[in-house]
Amino acid sequence: REWLEQQEHQFAKEFSSKPIVRPPHWGGYRVKPISIEFWQGRPSRLHDRLQYTLEESGGWMIERLAP
């Protein structure tokens, strides 16, 4: 862990005044969810299900789907 913390400190110092440029061969995706459902199972089968839906204002509306 000590080595890792030293590396983090060194890179923070090195890139404090310049942007970090990603290699040209790196790619990725940006995920912007508009709806997320959380499900927590229970042995009694009275599972908790919550749905978060993105509102136009940028906030999240929370609905209980079950039980």
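Residues numbered from 1 in each chain as written. Predicted model: local features only at pLDDT ≥ 70, side-chain atom pairs only at ≥ 80, totals over all residues. Heavy atoms only, no water.

## Comments concerning the packing of aromatic side chains
In total, this model carries 2 aromatic pairs according to the counting rule given. Here Phe38 and Tyr52 contribute two aromatic rings whose centre-to-centre distance is 5.5 Å and whose plane-to-plane angle is 80°, an arrangement assigned as edge-to-face. With a gap of 14 residues between them, Phe38 in strand 1 (residues 35-40) and Tyr52 in strand 2 (residues 48-54) connect regions that are remote in the sequence. (Phe/Tyr/Trp six-rings, centres within 6.5 Å; stacked < 30°, edge-to-face > 60°. Helix = DSSP H or I, 4+ residues; strand = E, 2+ residues; numbered from the N terminus.)

## Some words on a nonpolar patch on the surface
Where nonpolar side chains cluster on the molecular surface, the patch consists of Ile34, Leu54 and Trp60 and spans about 300 Å² of accessible area. The residue Leu54 is located in strand 2 in this model. Taking relative accessible area as the criterion, Leu54 reaches 35% and is therefore assigned partly exposed. (Patch = residues over 30% accessible without salt bridge, like charges linked within 9 Å, V, L, I, M, F, W, Y side chains within 5 Å. Areas by Shrake-Rupley, 256 points an atom, 1.4 Å probe, with all protein chains shown as cover. Salt bridge = Lys/Arg side-chain N within 4 Å of Asp/Glu carboxyl O. Buried < 20%, exposed > 50% of the residue type's maximum accessible area, 1.4 Å probe, protein only.)

## Here's the deal with the sheet that holds strand 2
Spatially, 1-2-3 is the arrangement adopted by the 3 strands of the open sheet, whose pairing is antiparallel. On the outer flanks of this sheet lie strand 1 and strand 3 (60-66), each paired with one strand and no other. Neighbour-to-neighbour, the strand axes of this sheet turn through a mean angle of 20°, independent of strand direction. The pairing of strand 2 with strand 3 spans 6 bridges and is antiparallel. By the bridge assignment for strand 3, Leu54 is matched with Trp60. (Pairing = 2+ DSSP bridges. Axes fitted to C-alpha atoms, helices over the stretch in contact; angles between N-to-C directions.)

## Overview of the side chain of Asp48
With respect to the helices, strands and loops of the structure, Asp48 is situated in strand 2. Judged by relative accessible area, which is 17%, Asp48 ranks as buried. Side chain to side chain, Asp48 and Arg42 meet in a polar contact 2.6 Å long. In this view, Asp48 contacts Phe38, Trp39, Gln40, Arg42, Arg64, Ala66 and Pro67; residues no more than four positions away in its chain are not counted. (Polar contact = N/O pair within 3.5 Å; in protein donor to acceptor, adjacent residues only side chain to side chain. Contact = heavy atoms within 4.5 Å.)

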